[in-house]
Amino acid sequence: AAGVIQSPRHLIKEKRETATLKCYPIPRHDTVYWYQQGPGQDPQFLISFYEKMQSDKGSIPDRFSAQQFSDYHSELNMSSLELGDSALYFCASSLGAVGRGQPQHFGDGTRLSIL
Amino acid sequence: KQEVTQIPAALSVPEGENLVLNCSFTDSAIYNLQWFRQDPGKGLTSLLLIQSSQREQTSGRLNASLDKSSGRSTLYIAASQPGDSATYLCAVRHEGGGNKLTFGTGTQLKVEL
């Protein structure tokens, strides 16, 4: 079965650079979520989208922005990168249209390293 | 603010042993609870989802229970195998918390030969 696809798998950037992470949800899933997992920490919710509209916002820095496109894929744009942004970034998707009881399915993540 | 705690933080057991992982949450107004498995440096694999109206869910050697009123969930793993070694995370979806999942601190499990 198709899963959530994230790209790139690994990304190395320097401080103050920008980065764009991409997420392709499971086919027919209309809700996308972004999470950040620092070293040795549990995942922290950043932001979510349902039907291309922002549906919930968590601890996403102002330097980050995200959007969901007409084909339901999502991109997380990160600017003025800092050392503390080094983390594993997960995207998850679910069928939001049928209620909030649906499980979230996660991708393998993008490991972002800031030098 | 919802806080999710998992005990123990780490667990090492011999192969074949049955074990229980614990998850507790401070706000019982949850929509559902999901258990995940995470291998080192890898993504999250969903194991079981329990709706707030359910008491338990089973999948193979895994059984998850939920006591919403007391803010607790357990993940029971029967006849553990070395391949079960991973970090196990529970996560709750709060009724008033929109779509986000609040994750627990995780239990790092090692099953030894």
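Up top you'll find the structure we're talking about.
Residues numbered from 1 in each chain as written. Chains lettered and ligands numbered in written order. Predicted model: local features only at pLDDT ≥ 70, side-chain atom pairs only at ≥ 80, totals over all residues. Heavy atoms only, no water.

Trainee: Tell me about the packing of aromatic side chains, and please be specific about residues and values.
Mentor: All names here are of chain B. What the rule picks out here adds up to 7 aromatic pairs over all chains. An angle of 40° between the planes, with centres 5.6 Å apart, marks the rings of Phe36 and Phe103 as tilted. Of this pair, Phe36 sits in strand E4 (residues 30-38) while Phe103 sits in strand E10 (residues 101-103), and the two are 67 residues apart along the sequence. Judged on exposure class, the residue Phe36 and its partner Phe103 are both buried. (Phe/Tyr/Trp six-rings, centres within 6.5 Å; stacked < 30°, edge-to-face > 60°. Helix = DSSP H or I, 4+ residues; strand = E, 2+ residues; numbered from the N terminus. Buried < 20%, exposed > 50% of the residue type's maximum accessible area, 1.4 Å probe, protein only.)

Trainee: Can you tell me about the sheet that holds strand E1 (residues 5-7) of chain A, naming the residues and giving the values?
Mentor: Residues and elements named next belong to chain A. Read from one edge of the open sheet, 4 strands run E1-E3-E8-E7, paired in antiparallel fashion. The outermost strands of the open sheet, each flanked by one partner alone, are E1 and strand E7 (64-68). Taken pair by pair, the neighbouring strands of this sheet meet at an average axis angle of 15°, ignoring direction. Pairing of E7 with strand E8 (residues 74-78) involves 5 bridges; the strand directions are antiparallel. By the bridge assignment, Gln68 is partnered in E8 with Ser74. (Pairing = 2+ DSSP bridges. Axes fitted to C-alpha atoms, helices over the stretch in contact; angles between N-to-C directions.)

Trainee: So what's going on with the interface of chain A and chain B? Which residues, and what values?
Mentor: Counting from both sides, the interface comprises 21 residues of chain A and, opposite them, 24 residues of chain B. Around 1800 Å² of area is buried between chain A and chain B when both sides are counted, 50% of it from carbon and sulfur atoms. Inspection of the region where chain A meets chain B yields 0 salt bridges. Counting across the interface, chain A meets chain B through 5 residue pairs in polar contact (both at pLDDT 80 or more). For the side of chain A that touches chain B, the secondary structure elements donating two or more residues are strand E4 (31-37), strand E5 (44-50), strand E6 (53-57) and strand E9 (87-94) of chain A. Taken together, the residues that form the side of chain A that touches chain B break down as 8 nonpolar, 8 polar and 5 charged. (Contact = heavy atoms within 4.5 Å. Buried area = accessible area lost by both parts, 1.4 Å probe. Salt bridge = Lys/Arg side-chain N within 4 Å of Asp/Glu carboxyl O. Polar contact = N/O pair within 3.5 Å; in protein donor to acceptor, adjacent residues only side chain to side chain. Nonpolar A, V, L, I, M, F, W, Y, C, P; charged D, E, K, R; others polar.)

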